Amino acid sequence: MSLSVAPQMKAAVEATDLVMQFDDRRLFSAQKLRFVEGDVIYLQGDNGSGKSTLMKLLAGLISPSHGRVICQGFSQPAWWQAASLLGKAVYLHQHPYLFDGTVKYNLTYGLSTRKSRTKALQQRLEQAINMAQLADLLQHSASDLSGGERQRLAIARAWICQPKLLMLDEPISNMDKHSQKLVLAMINQLKMEGTGLLISSHQTCGLTALCQQHWHIKDQIIHTSQHVPNLDTQQDNSVMGSHYVIAK
Amino acid sequence: MSEGWLALLQQAFRLLLSFDPDVWSIINVSFSVSFAALFITLIPSIMLGFFLAFTHFPGRWIVTNLIQTLQSIPTVVIGLLVYLLLTRNGAMGDLKWLFSQNGMIFGQMLICAPVLVALSQAAFASVDRRAWETSRTLGANWLMAIWTVCRELRVALLLAIVAAFSRILTEVGCSMMVGGNIMNVTRNIPTAIALETSKGDFAQAIALGLVLLILALVLNFALGSLRGKALPRSH
């Protein structure tokens, strides 16, 4: 993996001649994949087709069996730091991991990795707390949260970091409608801010209606198209409807 | 018989509570040497444990097995090895560490490190990998991510530290051979207990034994309370 930087270039992660296999079992291959800031991509595939693995690859958490993954348009690392994909595209697990500690500790974790904590970041933190409706839970232990609250907290934690690229692995699976609404609002806000979103799902959901591109893992090949299939969003409309709350 | 034991116990407590200089000098040597050995080995050993648990490289299992073997080597054998290294004609003879606290620290480091590496490796191997992945993907550098994982594993790592500290604080073989049991210099609790018992001076031996017992009790209660707080987590 390598890192190339060009000024005024949109942040992107690009994979070429990608092959992923575990031992002799090929999971998927793709000639070229490009995930650019501002793109909203729906990643479709059956269970076990490799959606999470692809996202981890693009996040730099694992290496491909063949091919290369590069990132472009991100700030150059310090001279003593190795060029790495890690930390460029934020990946959110299907079952998010929350650190042992309070909700507040988890929310501010991403901020603690930053060199300076500006007033704008502080405001974004407060905004995230309101959007995810976590204000009453800030001092609670993260391990006490319900499934929906955990998911909301994880997305709020990523939201605060204002990532250029965000990958969401089945983000609203097993979530009640109220939590879905809150998460959709946060994700829509990120979309409006120009964050690139790669959203995986093996079923249609409210989020897929936001997507403009379609990646489909089928027969061990990743097919890409600019056209998102006509998805049944009846169920999602009831969730989305006019409920987007765009925080200012 | 029981009156004799009671008298010995009273004498032992009197030695401790009256801050008998000989007894407290021995306690001081014991703790300063063992803390120094633990302090020096702690971070490198935990890093090595992390490296062995989180990376795959050819021969990793050989290194892992080697460390586990080192854990079970009798301290007297390590003492012999260190003695041979530090003796005047040994590879490290120029350091003149034989029969000094530095020599004892060196020996205890060799005893402490395998315990720390093996136990921390086991702890890191058991951690949910998503902790590392989440930390890295949220922008933490590798050092901060390791710190985060250590924080998640704090109880297991504390247990490893206590186990390693207990092993070096109570070992006799290496300290006796490398330190030489010199009063006010290299005489620590285990070597003093061995000496006083052989001399028939049980009061001092019991006083020093009590220190180890009290320490074991305090550490175990503290860890038990920590374990209680670290409730099983649902993900």
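Residues numbered from 1 in each chain as written. Chains lettered and ligands numbered in written order. Predicted model: local features only at pLDDT ≥ 70, side-chain atom pairs only at ≥ 80, totals over all residues. Heavy atoms only, no water.

Selection rule: UniProt positions are given in the numbering used here, feature names are shortened, and annotations may be inferred rather than shown by experiment.
If you check an unreviewed UniProt entry, chain B appears there as ABC transporter permease from Shewanella holmiensis. In the Subcellular location (unreviewed entry) part of its UniProt record, chain B is described as follows: "Cell membrane". As stated in UniProt under Sequence similarities (unreviewed entry), the record for chain B gives "Belongs to the binding-protein-dependent transport system permease family."

## Some remarks on the pairing of strand 6 (residues 89-92) of chain A
Look at any regular strand and the pattern is simple: side chains alternate between the two faces of the sheet. Residue and element names in this part refer to chain A. Applicable threshold: The rule is simple: take the accessible area with a 1.4 Å probe, protein chains only, and divide by the maximum for that residue type; under 20% is buried, over 50% is exposed, in between is partly exposed. Counting from the N terminus, the helices are DSSP H or I runs at least four residues long and the strands are E runs at least two residues long. Here, strands pair whenever DSSP counts at least two bridges between them.
Burial of strand 6 is two-sided: the residues Ala-89 and Tyr-91 facing one way and the residues Val-90 and Leu-92 facing the other way are all buried. Relative to strand 7 (residues 165-169), strand 6 is paired through four bridges, and the arrangement is parallel. Its bridge partner lying in strand 7, Ala-89 is registered against Leu-165.

## Re the interface of chain A and chain B
Put simply, the rule is: What makes two residues a contact is simply this: any of their non-hydrogen atoms within 4.5 Å. What counts as buried area is the accessible surface, traced by a 1.4 Å probe, that two parts surrender upon association, with contributions from both included. Whenever a carboxyl oxygen of Asp or Glu lies within 4 Å of a side-chain nitrogen of Lys or Arg, that contact is scored as a salt bridge. Here a polar contact is recorded for every N or O atom pair within 3.5 Å, except that within protein the pair must consist of a potential hydrogen donor and a potential acceptor, and residues adjacent in sequence are included only if both atoms are side-chain atoms.
Taken together, the contacts link 26 residues of chain A with 19 residues of chain B. Between chain A and chain B the total buried area reaches about 2200 Å² when both faces are included, carbon and sulfur atoms providing 54% of it. For the interface between chain A and chain B, the tally reads two salt bridges. A salt bridge links Glu133(B) to Lys56(A); the shortest N-O distance between them is 3.3 Å. The tally of links between chain A and chain B comes to eleven residue pairs in polar contact (both at pLDDT 80 or more).

## Side note on the pattern of salt bridges
Counted according to the given criterion, the structure contains eight salt bridges over all chains. The partner of Asp100(A) in a salt bridge is Arg154(B), with the nearest N and O atoms 3.1 Å apart. Here Asp100(A), found in the loop between strand 6 and helix 2 (103-107), pairs with Arg154(B), found in helix 8 (residues 154-170), and the two come from separate chains. Here Arg154(B) falls in the partly exposed class, since its relative accessible area comes to 36%. In this structure, Glu193(A) and Arg124(A) form a salt bridge, with 3.0 Å as the shortest nitrogen-oxygen distance. Of the two residues, Glu193(A) is situated in the loop between helix 6 (177-192) and strand 8 (196-201) and Arg124(A) in helix 4 (residues 119-131); the sequence distance between them amounts to 69 residues. For Glu193(A), a relative accessible area of 33% gives the class partly exposed. Judged by its relative accessible area of 7%, Arg124(A) falls in the buried class. When salt bridges that share partners are traced, they join Glu14(A), Lys32(A) and Arg34(A) into one network.

## Looking at the nonpolar core
Applicable threshold: By nonpolar core is meant a set of buried Ala, Val, Leu, Ile, Met, Phe, Trp, Tyr and Cys residues that side-chain atoms within 4.5 Å join together.
Counting 62 residues, the largest nonpolar core has Leu107(A) and Phe124(B) as its most contacted members. Tallying contributions element by element places helix 5 (residues 147-160) of chain A first for this core, with seven residues. Leaving out residues up to four positions away in the same chain, Phe124(B) has contacts with Ile46(B), Gly49(B), Phe50(B), Ala53(B), Phe54(B), Val149(B), Cys150(B), Leu153(B) and Leu157(B).

## Examining empty space enclosed by the protein
We apply this condition: Using only the protein atoms, space was sampled on a 1 Å grid; points where a 1.4 Å probe fits but cannot get out form cavities, open sets with protein on both sides within 12 Å along at least five of seven lines form pockets, and lining residues are those with an atom within 4 Å of a point. Grid points are joined across faces, edges and corners, and a volume is the space filled by probe spheres set on the points. In the scheme used here, Gly and all other residues not listed as nonpolar or charged are polar, with Ala, Val, Leu, Ile, Met, Phe, Trp, Tyr, Cys and Pro taken as nonpolar and Asp, Glu, Lys and Arg as charged.
Under the definition given, this model contains one cavity of 30 Å³ or more. Each pocket or cavity is described by its volume, and for the largest cavity that value is around 50 Å³. Forming the walls of the largest cavity are Val90(A), Tyr91(A), Leu92(A), His93(A), Pro96(A), Tyr97(A), Ala154(A), Arg157(A), Thr134(B), Thr137(B) and Leu138(B). Of all the secondary structure elements, the ones that give two or more residues to the lining of the largest cavity are strand 6 and helix 5 of chain A together with helix 6 (129-137) of chain B. Of all the elements, strand 6 of chain A adds the most residues to the lining of the largest cavity, at three residues. Residues that form the lining of the largest cavity fall into these classes: seven nonpolar, three polar and one charged.

## Concerning the side chain of Arg157(A)
Put simply, the rule is: For this count, His and the chain ends are skipped, Lys and Arg are scored as positive, and Asp and Glu as negative.
Relative to the helices and strands, Arg157(A) resides in helix 5. Here Arg157(A) occupies a buried position and makes no salt bridge, while the nearest side chain of opposite charge, Glu152(B), is found at 8.3 Å. Among the polar contacts made by the side chain of Arg157(A), one reaches the main-chain carbonyl oxygen of Tyr97(A) at a distance of 2.7 Å. Once you skip the residues sitting within four places of it in the chain, Arg157(A) turns out to touch Tyr97(A), Leu98(A), Phe99(A), Asn106(A), Leu107(A), Thr134(B) and Leu138(B).

## Concerning the packing of helix 3 (residues 60-71) of chain B against helix 5 (residues 101-126) of chain B
All names here are of chain B. Selection criterion: Here the axes come from fitting lines to C-alpha atoms, over the contacting stretch only for helices, and the angles between their N-to-C directions go from 0 to 180 degrees. Angle categories: roughly parallel below 35 degrees, roughly antiparallel above 145, roughly perpendicular from 65 to 115, and oblique for all the rest. Helix crossings get a hand from a simple test, with the near helix turned counterclockwise from the far one by less than a right angle marking a left-handed crossing and a clockwise turn marking a right-handed one.
At a minimum axis distance of 8 Å, the contact between helix 3 and helix 5 shows a crossing angle of 130°. On the basis of the axis angle, helix 3 is oblique to helix 5. Read as a crossing pair, helix 3 and helix 5 show a hand that is left-handed. Side by side, helix 3 and helix 5 meet where Thr-64, Ile-67, Leu-70 and Gln-71 of the first sit next to Pro-114, Val-115, Val-117, Ala-118 and Gln-121 of the second. By residue class, the composition of the contact of helix 3 with helix 5 is six nonpolar, three polar and no charged.

## Focus: helix 6 of chain B
Counting buried positions along helix 6 of chain B yields eight of nine residues, so the element is predominantly enclosed. Considering only its buried residues, helix 6 of chain B is in contact with helix 1 (51-59), strand 6, helix 3 (109-112) and helix 5 of chain A together with helix 2 (21-54) and helix 7 (142-152) of chain B. Residue Gly139(B) follows helix 6 of chain B closely and has a positive phi angle near 105°.

## Focus on the UniProt feature "transmembrane region" (unreviewed entry) in chain B
Residues and elements named next belong to chain B. When the UniProt feature table is mapped onto this chain numbering, "transmembrane region" (unreviewed entry) sits at residues 35-54, 66-86, 106-127, 155-182 and 202-223. For residues 155-182, helix accounts for 82% and strand for 0%, while the C-alpha atoms at its two ends are 37 Å apart. Taken end to end, residues 202-223 is 100% helix and 0% strand, and its two terminal C-alpha atoms sit 31 Å from one another.

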